[in-house]
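Okay, here's what each chain looks like letter by letter:
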Amino acid sequence: MGATSIPPRKASGVVLVVLFLVYWLRSRHTTVSVALGELKVGACMAITSDPAAVPQAELRQTPSFTEGLALRNTLYDRWNEALALGITRTPFVTQQTVRRVWVGRYPLTLVLNLGRAQKRQPILIQKDLARVDLKVPFDDSKFHFGKVDGRERLLWLSLQSSSSLDSGKGTERSASVEEASMLNGLALREEFLTCVPTPNASTDQHVAMINVFPLSEFSGFLVPFLNRHLPQDITPDAIQLTLILAQYLKGDGMRLGYNSMHAGASVNHLHIQFWTAKRVLPIEMATTQPIQTRSQLEVGVTAHASTDFPLHFVRVQYTATTIDQASTLVAQAAEFLAAYGCPFNMVFTDTTVYIILRKSISPHHRISVGFPEAAGDIFITNQTMFDSLDSAYLSQVWLSHLRAEDEAFNQLLSNLQHF
């Protein structure tokens, strides 16, 4: 009996399916050129990229779709591996239950997350305060991210200046190296860690970790300079790192957030969180007016002030090529608020930073308010509370107890006008 031939139409369909599978596998689970060195997805292996092994021509001015996709997919893969190992402390629910409650002109979003009822509680005080000490020294005797189970660590990251790309001593920097440096003179290099901590890790390395009480799918922490043991007082270089990482993690609703002390932080060890919210945050719909800074036209970074959102905030717009300037502006705002004693939250996207002023509120208000809540996504850990919270109660908490003083906001705006 002769071999059965495949009709041409079916044969072409098979070929297309095979080509699609090959492309998908290559984009997710094989070697991909990423920034400096090669990104290899592997389980339980520590891999360090070698900058010298990458031809200069392969370096690009901004991250390409493939590069961003590679880092994001690797982070997602590692997060799912940790989830499969049972690293999270609570069951994870992919499909979130939400409902809207109006406060003023804006519909805030209630998000039911029963698992986070068991999380470490924020550092709270017993009464509402407008001004508090945000600069609390690091205390090694208390919990910090150097004490976590090593399996919670997903990726080690290192930020490297373009000057380190020089290929030899005494040689002039070539124009190709100058032009090839990523993200306005900085490049992101990935170093992987899945199952065990890196021994003798450099103090200049940063780590991405899974959040064992996840806010959402792919919820985790970025801990800058893990082994420097910095307190929860955000620094200019940590802001710069966050803005660069935001370029790679953009898409799929991924955002990053920061809580100052007395603004939702539960650990006094410098960290920024990342989480996914596949919806527009209420703060992203808020109306604003421009802040006329001295150098905004020169540096390509613009700032806007909120007008009618329940909480005062400043919105900073930037691009991948103005990260340094945006970092400086955001750091100036953070330092001013810390000196003033005004608690604050931040939300980062690949184009925008929201700096949200607020008060430190006491436990009797029943809601823990960190960066998602300040931005209008309110995580509720109790079914009864989720069902019963109404506009009257939220308006009272947000406008009477949480909203920062007008004086603090006006002084911040005055400070930023001199940027």
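Please refer to the structure placed before this passage.
As the structure is a prediction and not an experimental result, all values here were calculated from the model.

Criteria and cut-off values
Residues numbered from 1 in each chain as written. Predicted model: local features only at pLDDT ≥ 70, side-chain atom pairs only at ≥ 80, totals over all residues. Heavy atoms only, no water. Axes fitted to C-alpha atoms, helices over the stretch in contact; angles between N-to-C directions. Helix = DSSP H or I, 4+ residues; strand = E, 2+ residues; numbered from the N terminus. Parallel < 35°, antiparallel > 145°, perpendicular 65-115°, else oblique. Left-handed = near helix turned anticlockwise from the far one by under 90°. Contact = heavy atoms within 4.5 Å. Nonpolar A, V, L, I, M, F, W, Y, C, P; charged D, E, K, R; others polar. Phe/Tyr/Trp six-rings, centres within 6.5 Å; stacked < 30°, edge-to-face > 60°. Buried < 20%, exposed > 50% of the residue type's maximum accessible area, 1.4 Å probe, protein only. Lys NZ or Arg CZ within 6 Å of the ring centre and 35° of its normal. Salt bridge = Lys/Arg side-chain N within 4 Å of Asp/Glu carboxyl O.

Novice: Before we move on, can you summarise the packing of helix α6 (residues 323-340) against helix α10 (residues 406-416) with the specific residues and values?
Specialist: Where α6 contacts α10, the two axes come as close as 10 Å, and the packing angle between them is 140 degrees. Accordingly, the angle class assigned to the pair α6 and α10 is oblique. Read as a crossing pair, α6 and α10 show a hand that is right-handed. Where α6 abuts α10, its residues Leu-329, Gln-332, Ala-333, Phe-336, Leu-337 and Tyr-340 lie against Glu-407, Ala-408, Gln-411, Leu-412, Asn-415 and Leu-416. When grouped by side-chain class, the residues that make up the contact of α6 with α10 number 8 nonpolar, 3 polar and 1 charged.

Novice: Describe in detail the packing of aromatic side chains, supporting the description with residues and values.
Specialist: For the coordinates displayed, the defined rule picks out 10 aromatic pairs. For the ring pair Phe-143 and Phe-145, a centre distance of 6.1 Å and an interplane angle of 75 degrees mean the geometry is edge-to-face. For Phe-143, a relative accessible area of 30% puts it in the partly exposed group. What makes Phe-145 buried here is its relative accessible area of 3%. Ring pairs connect the aromatic residues Tyr-106, Phe-309, Phe-313 and Tyr-354, which therefore count as one cluster. In this arrangement the basic side chain of Arg-228 is found over the ring face of Phe-225, its NZ or CZ atom lying 3.8 Å from the centre.

Novice: Describe in detail the pattern of salt bridges, supporting the description with residues and values.
Specialist: In this structure the tally under the stated criterion is 8 salt bridges. One salt bridge in this structure joins Glu-335 and Lys-135, with 3.7 Å as the shortest N-O distance. With Glu-335 in helix α6 and Lys-135 in the loop between β4 (106-112) and β5 (153-161), this pair connects stretches of sequence that are 200 residues apart. Three or more residues joined by partner-sharing salt bridges are found here, namely Lys-135, Asp-233 and Glu-335.

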